[in-house]
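# Chain and residue survey
Listed below are the residues making up each chain.
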Amino acid sequence: MLSVHGRKPASVVIEPIARGLSKAGITPNMVTLGGTILAIVFALWLIPSGHHFAAAVLIGLTVATDMVDGTMARMRGGGTRFGATLDATCDRLTDGAVFGALALWFSHPEEPHRILMILSLVILVASQVTSYVKARAEASGIKVVGGLIERPERLIIGLMSLGLDGLGIPYVLAAGLWILVVGSLYTVVERLVIVARSDAASELIEAPAGAREFSSPQDD
């Protein structure tokens, strides 16, 4: 939801940053890679070691580059197909690092929280599937717009819960994970329903290369 409605308010802050980086000779792809590397390092270093407030703040700052690189690309006349692919790939890597690091934290042998570890892994998988449904549908020419829990919502809820946990507020991280599990699974189903109801949903597709061909019932 926020990915559709939140861009315009954020542009007041993002556009001056994007303009300054462009003038310094930094490319959108450099911003994408740099932000991703930092986010992964912060996630795998700070979350398993229990520095949750610092992790939430620093990861939040780095993932904000996702808006900066896109704005930079548009200022240059538009993004490239490679840039879009790189951006989507890096988003998946960052999400995987954050929720994978949480699963690692909850699996600590001295104080394991198996249910929360499982929730983190469910969110990790559901986040990848949510993005895959959209990518696969749009590769087939079916537009998928919106969803209850997209990446911005997932990161905001996840990082806010993580940061408040770091401040010592009890149960907030568990509550955030439960919200994300329910919301993420709902979004996967929601997007599948969007695809199923589209006009192109029943169109036949070509068989993959090397697959055996069969005659249709009408030809018999």
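Residues numbered from 1 in each chain as written. Predicted model: local features only at pLDDT ≥ 70, side-chain atom pairs only at ≥ 80, totals over all residues. Heavy atoms only, no water.

### Details of the UniProt feature "binding site: Mg(2+) 2" (unreviewed entry) in the chain
We apply this condition: UniProt positions are given in the numbering used here, feature names are shortened, and annotations may be inferred rather than shown by experiment. Strands are runs of DSSP state E lasting at least 2 residues, helices are runs of H or I lasting at least 4, and numbering of each runs from the N terminus. Accessibility here uses a 1.4 Å probe with only protein chains present; expressed as a share of the type maximum, an area under 20% marks a residue as buried, one over 50% as exposed, and anything in between as partly exposed. When checking whether two residues touch, look at their non-hydrogen atoms; a contact exists if any pair is within 4.5 Å.
Taking the numbering used here, the UniProt-annotated feature "binding site: Mg(2+) 2" (unreviewed entry) corresponds to D66, D87 and D91. For this annotated set, covering 26 residues, all C-alpha atoms fall within 8.1 Å of each other, a compact arrangement in space. Turning to its location among the elements, D66 is positioned in helix α5 (residues 65-75). Judged by its relative accessible area of 27%, D66 is partly exposed. Not counting the four nearest positions on each side in its chain, D66 is found in contact with D87, D91 and R151. Considering the arrangement of structural elements, one finds D91 in helix α6 (residues 81-106). Each residue touching D91, except ones within four places of it in the same chain, is listed here: D66 and R151.

### Regarding helix α7 (residues 114-139)
Which entries qualify depends on this criterion: Helix span is expected to be 1.5 Å times the residue number reduced by one.
Over its 26 residues, α7 runs 37 Å from end to end, which matches the ideal 38 Å to within 8%, given 1.5 Å per residue. Every buried residue of α7 is listed here: L116, L119, S120, I123, A126, S127, T130, S131, V133 and A137. Among the structural elements, α6, α8 (151-166) and α9 (172-196) are those in contact with the buried residues of α7. One or two steps after α7, the chain reaches G141, where phi turns positive at roughly 85°.

### Section: the UniProt feature "binding site: a CDP-1,2-diacyl-sn-glycerol" (unreviewed entry) in the chain
Annotation from UniProt places "binding site: a CDP-1,2-diacyl-sn-glycerol" (unreviewed entry) at N29, M30, V31, T32, G70, R74 and T80. Tracing the chain through its elements places T32 in helix α3 (residues 28-46). Every residue in contact with T32, bar those within four places of it in the chain, is listed here: D69, L86, D87 and C90. You can see G70 is positioned in helix α5.

### Focus: the side chain of E153
Selection criterion: Charge assignment: positive for Lys and Arg, negative for Asp and Glu; neither His nor the chain ends contribute. Within this document, salt bridges are pairs made up of a side-chain nitrogen of Lys or Arg and a carboxyl oxygen of Asp or Glu, the two lying within 4 Å of each other. Two N or O atoms form a polar contact when they lie within 3.5 Å of each other; inside protein one atom must be a possible hydrogen donor and the other a possible acceptor, and for residues adjacent in sequence the pair counts only when both atoms belong to side chains.
The residue E153 is located in helix α8 in this model. Of the side chains with opposite charge, R154 comes closest to the buried, unpaired E153, at an N-O distance of 7.0 Å. Polar contacts involving the side chain of E153 include one to the main-chain amide nitrogen of E150, which spans 3.0 Å.

### Comments concerning the nonpolar core
Selection criterion: Here, nonpolar core means buried Ala, Val, Leu, Ile, Met, Phe, Trp, Tyr and Cys residues that are tied together by side-chain atoms lying within 4.5 Å of each other.
Formed by 26 residues in total, the largest nonpolar core has its most connected members in I47, I59, L102, L162 and L177. Mapped onto this core, the elements with two or more residues apiece are α3, α4 (52-63), α6, α7, α8 and α9. Non-local contacts of L162, meaning those with residues more than four positions away in its chain, are made with I47, H52, F53, A55, A56, L102 and L173.

### Quick word on a nonpolar patch on the surface
Selection criterion: A patch consists of residues exposed above 30% relative accessible area that lack any salt bridge, with like charges linked at up to 9 Å and nonpolar side chains (Val, Leu, Ile, Met, Phe, Trp, Tyr) linked at up to 5 Å. The Shrake-Rupley method, run with a 1.4 Å probe, gives the accessible areas here. Residue values count only the displayed protein chains as cover.
The grouping of F53, V57, L61, L167 and I169 at the surface amounts to a nonpolar patch, some 470 Å² of accessible area in total. Overall, the relative accessible area of 59% leaves L61 in the exposed class.

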